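Spelled out, the chains give:
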Amino acid sequence: MVRASAVLTVELVFLGGIFVTGGLEEVWQGRSREDVLIALVLLMVTLFLLAAAVNLSVVWFNIPRWTVPPHMRGDTGVKTEALRSRWAELTGKR
């Protein structure tokens, strides 16, 4: 998980943002502010899902390279290595 620790941190920040903006509903009682809160919660959920997708992309495939620590950029991802070994087994190449 070291490979995607920065992305995971961003993902957790957005998850915290979901709880914070969802918790503000009771503080702000009013119709005009409720729409803003719904929009904020939807924005945070969207950003959380995007960060989760990038996190999985980094761990599985080591892509995008700029999010991977410099000493790990030459490595293959977990899924890439598994797919290569599976392909080698199927074709008989080693």
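All values reported here derive from a predicted model rather than from experimental measurement.

(A) Local environment of the overall build of the protein chain. Secondary structure summary: the protein chain contains three helices and zero strands in total. Across the protein chain, helices and strands are ordered from the amino to the carboxyl terminus as α-α-α. Scaling as 2.2 N^0.38, a compact globule of 94 residues should have a C-alpha radius of gyration of about 12 Å, whereas the protein chain reaches 19 Å, well beyond that. Across the 94 residues in the protein chain, those meeting the buried criterion constitute 23%. If you take every contact in the protein chain between residues at least 6 apart in sequence, the share linking residues at least 24 apart comes to 51%. Side chains of the protein chain give 10 positive and 8 negative charges; the mean places of these two sets differ by 16 Å.

(B) Geometry of unusual backbone geometry. Geometrically, the link from Ile63 to Pro64 is a cis peptide bond, its omega value of -5° lying close to zero. Within the fold, Pro64 resides in the loop between helix H2 (31-61) and helix H3 (78-91). For Asn62, which is not glycine, the phi torsion reads 60° and is therefore positive. For Asn62, the position within the fold is in the loop between H2 and H3.

About the cut-offs
- Residues numbered from 1 in each chain as written.
- Predicted model: local features only at pLDDT ≥ 70, side-chain atom pairs only at ≥ 80, totals over all residues.
- Heavy atoms only, no water.
- Helix = DSSP H or I, 4+ residues; strand = E, 2+ residues; numbered from the N terminus.
- Rg over C-alpha atoms; globule rule 2.2 N^0.38 Å.
- Buried < 20%, exposed > 50% of the residue type's maximum accessible area, 1.4 Å probe, protein only.
- Contact = heavy atoms within 4.5 Å.
- Lys, Arg positive; Asp, Glu negative; His and termini not counted.
- Charge placed at Lys NZ, Arg CZ, Asp CG, Glu CD.

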